[in-house]
Amino acid sequence: MRKLIYLGPLLFFIITAVYFALPILKGKDPRILPSAMIEKNIPDLNLPPLLETKQGIDKQALMGEIQLVNFFSSWCGPCRTEHDFLMRINKSEIIPIYGINYKDKQNAAKAWLLDLGDPYERIGRDIDGRTAIDWGVYGVPETYLIDKHGRIQYRHVGPLSESIFKEKISPVIKALRKQTNG
Amino acid sequence: MIAELGHYALVLALLIALVQTTVPLYGAARNDFSLMGVAQPAATAQFIAIAIAFGALTHAYVTSDFSVINVAENSHSLKPLLYKISGVWGNHEGSMILWVLILALFGFAVAQFGIHLPPTLKARVLSVQASIGVAFLGFILLTSNPFLRLDPAPIDGRDLNPLLQDPGLAFHPPMLYLGYVGFSMAFSFAVAALIEGRVDPAWARWVRPWTLAAWIALTAGITLGSWWAYYELGWGGWWYWDPVENASFMPWLSGTALLHSAVVVEKRDALKSWTILLAILTFALSLMGTFLVRSGVLTSVHAFAVDPERGLYILAILVLFVGGALIMFALRAPSMKLGGLFQPISREGGLVMNNLLLSVATATVFIGTLYPLFLDATTGQKVSVGPPFFNATFVPVMIPLVLLMAVGPMLAWKRGDLSAAMSRLWFAVALSFGISIFVFWLHSNEPLTPVIGFALAGWLAGGTLKEFADRIGLFRDRLSKSLSKARRLPRSAYGMTLAHLGLSIFICGAVADSAWRTEVVINAKERDKTSIAGFEAQLESVNRLEGPNYHLERATVVIRKNGEYVTRVFPERRFYPVQQMPTTEAAIYTTLLADVYVSLGEGSKDQGWTLRLWYNPLIPWIWTGCLIMVLGGLISLSDRRLRIGAPFKRAHKKVQENGLLENA
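All names here are of chain B. The antiparallel open sheet is built from four strands, whose spatial order is S1-S10-S9-S8. In the strand order of this sheet, the two ends are held by strand S1 (518-524) and strand S8 (587-590), each with one partner. Each strand of the sheet is rotated relative to its neighbour by a mean of 15°, with strand direction disregarded. Across seven bridges, the pairing between S1 and strand S10 (residues 608-617) is antiparallel. Looking at the pairing, Val521 lines up with Arg612 of S10. In the packing of helix H21 (residues 619-637) onto the sheet, the strands contacted are S8, strand S9 (594-604) and S10, and the crossing angle to S9 comes to about 115°.

Structure (structure tokens):
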């Protein structure tokens, strides 16, 4: 009996550890910040173009097809880390990407695209950060998945990478395409 | 090149730690002195290798080498030098390097100064310590390598979170880690003792200085953090019961219990298995803090580098070490010899009560912190537990503890005389009563809770002072005799007296601030006035200026009392363009009895600015009290009985002397 008492701390610890492990193992990704915008229509927007050769972005442009909307800035370090991957998405033509250039100098943003390549269908300038506030952007880079009715289906905070895209975004895209076809 | 050198040093440290984990442990089992002897040079080499890695990362920060991802994401070329350096540990990867550096530092210290440790115990302690190192070095190299490169390198970095660019916070994490990681030493000693199957007073004497050092650092770290939150966050509060604050508070509570129970092991050879358990749990709580901050299972303003993969890895470390230690505890502890017996009313009995109450306090904080997690996992409901819960559960546990603190030190070892102790407490009663009357007279038409708080603080101070006075025979003997007794008193006695007085001062500050804090929010244009707690504050002007890596608006606020000029204060609102983040720099006018706290909000010349003012009575006492506790700890640590390497025989003699003194 006395010996059993000494097992108490161990049992208590095991129970606690299971509770610690549950949220992680269930795949509840703590990086997902609750977004009030999921399943909602995108807010109104009308952004001037960044480049002379490409149009700006308005609400109509973001409707009608499944696509990614990516908030980026030339002054943002992690944007640089994800840029390479955005270029690869563009090249593989998996899904079109629309860029919203957040609180940036026009020349700096142009130089950045010239330097690293331009993965975007269209680019709009969010000069004062107003659009980002409407979308509930937490910090650049941030990427939204929009369905063809213009509803936000997924939001990723922070730089995109191949593994995040494969695990989190690809399945949603596939599900959405199935719905459309079925 | 230097970053690669750091990376290489880290790999080397991992290999050394592997050797240090295995060889001495095997040597101790076979009683082979040459194998056990590997521990000491290995601990030194491991420390040097990690120091090189830490130096390499610091170099990358100081020279703004943005080809290192970690630097690019957390630093900026315009940042002042102090924050370039503190940026090293202002992020997940760098902070883990600091973590293992301190871990290795403690191992190194035991290797260097533990000359008088029995060789098998020393070998085992160092090998357990190194195994923790292996786990965390592996963690860094596999999931959180700070030396990864970025190609092409950006022109400038993303800057450190502006809230962290502050002198108070520059030193908060290192102190906190010294505390957290310091408890690893107690853990290593506990596990080594379980392997040996032997705990004796000498063991406790070796454990105590390490635990005390960790406790001092943790106290200082928590104090710095709370002070920072007070003046930087601009909310006027000093403790929020945030999960991450709680994560540092829990090891503090159980570490405090450990500190006291180790005394019982040392002096009376009792409470052995309990002390071992406390040592394991204290380090478990420290590890849990590390886990909670980084896994994101709890939402907190402090959480950083949240990543499930890393969370899982740290959880695995936690399970391996704490689970392993607890299994060993379950197997070995029941067969440990029971030590000296004692009556319930005795110094030991008092310390057992102290331990019980501190454990209950730890448990309440534990439940409050993790309840949202348990509820979410079982029912999917999301709740947050806030200050009301902690005030309702934690404070009632503290009241008997404080009552006990005045009585306990007056009880004799083994068998105490409660009525004799009570009769010595008249001074505590008198002081407690006097202060309550005074407080009641000051605030007669307000709730009685602060009166109770002050009564407790007075009781504690009175009991502590009386106990000290009795010890040196003050007012009983001639003054010269008392003074010579005071000189001969062991430093640990001074340490205890100071630490308990510090707590009393802290209680006054905490009670006064929560009961009588006043707040005024106004929209002020230049030359507008307001008054708070007898002070008059006038906004003189607001100027736009440029800082090194931020823009700022600085207000000039004149404070007057009864129409007479007292001082000018300059609250600021800063904007850091790189992180697009505003911060507030509150201005504080402090007398020893209260703070006038001014914080500048948004606004413009035409619209006026939001100005928040707080009057925080006795709030400086909170940090003063904590600093006195730290000072008490430091004085106690300098006691030659605890001084590392003090020969065992001398120490033994001192204990006897001390016992005689106490009985006299």
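Residue and element names in this part refer to chain B. Compared with an ideal rise of 1.5 Å per residue, which puts 17 residues at 24 Å, helix H17 (residues 426-442) spans 24 Å between its outermost C-alpha atoms and is within 8% of the ideal. Among all positions of H17, only Ala428, Leu431, Ser432, Ile435, Ser436 and Val439 are buried. Here the buried residues of H17 occupy an arc of 130° about the axis, which is enough to place them on one side. Of the exposed residues in H17, the ones pointing more than 90 degrees away from its buried face are Trp426, Phe438 and Trp441. If you follow the buried residues of H17, they end up packed against helix H15 (387-407) and helix H18 (449-471).

The next point concerns the domain arrangement of chain B. Residues and elements named next belong to chain B. When its domains are assigned, chain B resolves into domain 1 (1-160) and domain 2 (518-618). One C-alpha centre belongs to domain 1, the other to domain 2; they are set 43 Å apart. For the side of domain 1 that touches domain 2, the class distribution of residues is two nonpolar, one polar and three charged.

This paragraph deals with the interface of chain A and chain B. Residue-level contacts link 23 residues of chain A with 30 residues of chain B. Looking at the side of chain A that touches chain B, the elements that each hand over two or more residues are helix H1 (2-5), helix H2 (8-25) and helix H3 (77-92) of chain A. For the side of chain A that touches chain B, the leading source of residues is H2 of chain A, giving 10 residues. Its residues assigned to classes, the side of chain A that touches chain B comprises 16 nonpolar, one polar and six charged.

Conventions and cut-offs
Residues numbered from 1 in each chain as written. Chains lettered and ligands numbered in written order. Predicted model: local features only at pLDDT ≥ 70, side-chain atom pairs only at ≥ 80, totals over all residues. Pairing = 2+ DSSP bridges. Helix = DSSP H or I, 4+ residues; strand = E, 2+ residues; numbered from the N terminus. Axes fitted to C-alpha atoms, helices over the stretch in contact; angles between N-to-C directions. Contact = placed C-beta atoms within 7 Å. Expected span 1.5 Å × (residues − 1). Buried ≥ 20, exposed ≤ 12 C-beta atoms within 10 Å, placed from the backbone. Arc of directions from axis to C-beta. Domains from an automatic or database assignment. Nonpolar A, V, L, I, M, F, W, Y, C, P; charged D, E, K, R; others polar.

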